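Chain by chain, the residues:
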Amino acid sequence: MPHESRDVVFVDGVRTPFGKAGSLYAETRADDLVVNCVRELLRRHPELPPERIDEVAIAATTQIGDQGLTIGRTVALLAGLPRSVPGYAIDRMCAGAMTAVTTTASGIAFGAYDITIAGGVEHMGRHPMGEAADPNPRFLSEKLVDIDALVMGNTAENLHDRFPSITKERADAFAVMSQERAAKAYANGIIQEMLTPVATRTAELGWGLATVDEPPRPGTSMEGLAGLKTPFRPHGRVTPGNAAGLNDGATASVLAAREVAEELGLPVAMKLVGYAFAGVDPEVMGVGPVPSTEKALQRSGLSIDDIGAFEINEAFAVQVLAFLEHFGIDDDDARVNPFGGAIAYGHPLASSGVRLMIQLARTFADHPEIRYGITTMCVGLGMGGTVIWENPHFTGGQK
């Protein structure tokens, strides 16, 4: 008999502390970072029998070295999962972990899986963006894309051109707010609950334990950001202060069919409503979340007014501001990235989608009056991805 579509739920997610590229995790393998997350999920959920996991989907943008070799399968083996548990690798650049979630969630809805693990990793210290890449020369010779499309900072400057009302001052103000909200979330003990410690080792310092994110810069000020150089364009607007850095880190999450979660006693943090990916001009890839969100809302029968919480990846401040401007949302709206975002925490490319989900799940737990939320991000080579979630704790009140 054909399967009827099943409800898919986000059970839980964890991440490593994020490091600056080649610093905190200089001598830590990328696959070991993900293994740490998977083992922590199993530790937190003894009610989850490892043999019930049907798939391990792990994303990495640069799939070579310790991020290669079908990393989903190798992570499953290294984490000590039964050999019967399969796995695979995913690449959708920045939206890798997001795609790991949406793809395996679709399998759960279809009935092919009951429980999956989905996540991502990027060790940009070992594998800089674009390492060993060989773009087809036709991209440029046939003018399929502008050369700017291959440099993310240039695409952000182009987005400023397209939205002249988004000034450098607005971008800097948003960056300051991200840092302030992240510092407050740390002060309130919120972020620490999302992290799994990672043992580290360097020749100089010996053994250590990473327990907090390395990139945040508490005390960031408008004056401090005003003096930063604009590396992508003379007198430009994109600086290291209003963009995410180059980072190392990993994430993982557990997804399940609702009835299976109930059978096993697994918690339900969020219910999947719908998702969409969309393409845009690669030269302004940062606008990608606009059409992907419109597409996801339309297919889910919702409007932007139904959304009570937003987790938008802060690859660049201008990219978030373009989204907010399009939908008529204030720059400092409390519904948007309430715990800060990638400008503060960092953006280890393929891992970031699940970080957004972990933070949205916390917002849902804290705010039963919110019914719907979204996680959304721009993606290299001109794409956007959006996932819409419903709060299982919703008690009525606000949308």
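Keep in mind the model is a prediction, meaning the values are calculated, not measured.

Enquirer: Would you explain helix H5 (residues 152-162) in this entry?
Expert: Three or four residues apart is the spacing at which side chains of an α-helix point the same way, because the helix has 3.6 residues per turn. Across the eleven residues of H5, nine count as buried, placing the element largely inside the fold. Residues of H5 that are buried: Met152, Gly153, Asn154, Thr155, Ala156, Glu157, Asn158, Leu159 and His160. For H5, the elements touching its buried residues are helix H6 (168-187) and helix H10 (317-327).

Enquirer: Help me out: how do you make sense of unusual backbone geometry in this one?
Expert: Most of the time, phi is negative for any residue but glycine, and the peptide bond is trans. Even without a glycine there, the phi angle at Thr70 is positive, about 45°. Here Thr70 is to be found in the loop between strand S3 (55-59) and helix H2 (71-78). Among the residues examined, Thr70 registers a relative accessible area of 44% and is labelled partly exposed. Even without being glycine, Leu381 reaches a positive phi, approximately 65°. Topologically, Leu381 is positioned in the loop between strand S11 (372-379) and strand S12 (383-390). For Leu381, a relative accessible area of 44% translates into the label partly exposed.

Enquirer: Explain the side chain of Thr74 to me, please; I cannot follow it from the model alone.
Expert: Tracing the chain through its elements places Thr74 in helix H2. Apart from the residues lying within four places of it in its own chain, the contact partners of Thr74 are Gly68 and Leu69.

Enquirer: What is the right way to look at the UniProt feature "active site" (unreviewed entry) in the chain in this model?
Expert: As recorded in UniProt, the feature "active site" (unreviewed entry) lies at Cys94, His347 and Cys378. Despite a sequence span of 285 residues, these residues sit close together in the fold, their greatest C-alpha distance being 11.9 Å. Of note, Cys94 is situated in the loop between strand S4 (87-90) and helix H3 (96-110). The residues touching Cys94, leaving out its near neighbours within four places in the chain, are Thr61, His347, Leu349, Ala350, Gly353, Met377, Cys378, Val379 and Gly380. Along the chain, His347 falls in the loop between helix H11 (342-345) and helix H12 (352-366). Under the relative-accessibility criterion, His347 is labelled buried at 5%. Ignoring anything within four residues of it in the chain, the contact list for His347 reads Cys94, Met124, Ala244, Gly245, Asn247, Asn313, Ala315, Ala342, Ser352 and Met377.

Enquirer: Help me understand the packing of H6 against H10 in this model?
Expert: The axes of two packed helices give the description: the angle between them and the distance between them. At their nearest, the axes of H6 and H10 sit 9 Å apart, and the two run at 100° to each other. With respect to their mutual orientation, H6 and H10 come out roughly perpendicular. Listed contacts from H10 to Arg170, Ala171 and Phe174 of H6 are Ala317, Val320, Leu321, Leu324 and Glu325. Tallied by class, the residues present in the contact of H6 with H10 amount to six nonpolar, no polar and two charged.

Enquirer: How do you make sense of the pattern of salt bridges when you look at a structure like this?
Expert: Between side chains of opposite charge, pairing is possible as soon as their charged atoms come close. The tally for this structure, following the rule as stated, stands at 24 salt bridges. Note that Arg43 and Glu40 form a salt bridge whose closest N and O atoms lie 2.8 Å from each other. On the criterion of helical spacing, the pair formed by Arg43 and Glu40 is a turn pair, its members being three residues apart in helix H1 (residues 30-44). Glu40 gets classed as buried once you look at its relative accessible area, which sits at 9%. Asp114 is the salt-bridge partner of Arg52, the closest N and O atoms lying 3.9 Å from each other. Of this pair, Arg52 sits in the loop between H1 and S3 while Asp114 sits in the loop between H3 and strand S5 (115-123); the two residues are 62 residues apart in sequence, bridging distant segments of the chain. Taking the relative accessible area as the measure of exposure, Arg52 reaches 24% and is therefore partly exposed. Salt bridges sharing common partners tie together Arg6, Arg52, Asp114, Glu259 and Glu263.

Enquirer: Explanation requested: the environment of Met177 in the structure shown.
Expert: Turning to its location among the elements, Met177 is positioned in helix H6. With 202 residues separating them along the chain, Met177 and Val379 place their C-alpha atoms 23 Å apart.

Enquirer: In this structure, what is going on with the UniProt feature "domain: Thiolase C-terminal" (unreviewed entry) in the chain? I would like to understand it.
Expert: Residues annotated by UniProt as "domain: Thiolase C-terminal" (unreviewed entry) correspond here to residues 269-390. For the annotated span residues 269-390, helix accounts for 34% and strand for 26% of the residues, and the straight-line distance between the end C-alpha atoms is 9 Å.

Enquirer: Looking at this structure, I do not really get the side chain of Asp248. What am I missing?
Expert: Its location among the elements puts Asp248 in strand S8 (residues 247-257). A polar contact is formed between the side chain of Asp248 and the side chain of His123, at a distance of 3.4 Å. A distance of 2.7 Å separates a polar side-chain atom of Asp248 from the backbone nitrogen of Met124.

Enquirer: Got a minute to help me understand helix H9 (residues 289-300) in this structure?
Expert: In a regular helix each residue adds 1.5 Å, so twelve residues correspond to 16 Å; H9 covers 16 Å between its end C-alpha atoms and thus fits that length. Buried within H9 we find Pro289, Val290, Ser292, Thr293, Ala296 and Leu297. Looking at the buried positions of H9, the neighbouring elements they touch are strand S9 (270-279), strand S10 (307-312), H10, S11 and S12. Of the residues trailing H9, Gly301 is marked for its positive phi of about 70°.

Enquirer: Before we go on, may I ask you to explain the packing of aromatic side chains in this structure?
Expert: The way to describe two aromatic rings as a pair is by their centre distance and the angle between their planes. Scanning all chains against the criterion turns up four aromatic pairs. Judged by centre distance (5.8 Å) and plane angle (75°), the rings of Phe10 and Trp389 are edge-to-face. Taken together, the positions of Phe10 in strand S1 (residues 8-15) and Trp389 in strand S12 put the pair 379 residues apart, joining distant regions of the chain. Considered together, Phe10 and Trp389 belong to a single accessibility category, that of buried residues. Ring pairs connect the aromatic residues Phe310, Phe323 and Phe327, which therefore count as one cluster. The ring of Phe18 carries Arg15 above its face, with NZ or CZ at 4.4 Å from the centroid. Stacked on the ring of Tyr345, the Lys or Arg Arg15 has its end atom at 5.4 Å from the ring centre.

Cut-off values and rules
Residues numbered from 1 in each chain as written. Predicted model: local features only at pLDDT ≥ 70, side-chain atom pairs only at ≥ 80, totals over all residues. Heavy atoms only, no water. Buried < 20%, exposed > 50% of the residue type's maximum accessible area, 1.4 Å probe, protein only. Helix = DSSP H or I, 4+ residues; strand = E, 2+ residues; numbered from the N terminus. Contact = heavy atoms within 4.5 Å. UniProt positions renumbered as here; feature names shortened; annotations may be inferred. Axes fitted to C-alpha atoms, helices over the stretch in contact; angles between N-to-C directions. Parallel < 35°, antiparallel > 145°, perpendicular 65-115°, else oblique. Nonpolar A, V, L, I, M, F, W, Y, C, P; charged D, E, K, R; others polar. Salt bridge = Lys/Arg side-chain N within 4 Å of Asp/Glu carboxyl O. Polar contact = N/O pair within 3.5 Å; in protein donor to acceptor, adjacent residues only side chain to side chain. Expected span 1.5 Å × (residues − 1). Phe/Tyr/Trp six-rings, centres within 6.5 Å; stacked < 30°, edge-to-face > 60°. Lys NZ or Arg CZ within 6 Å of the ring centre and 35° of its normal.

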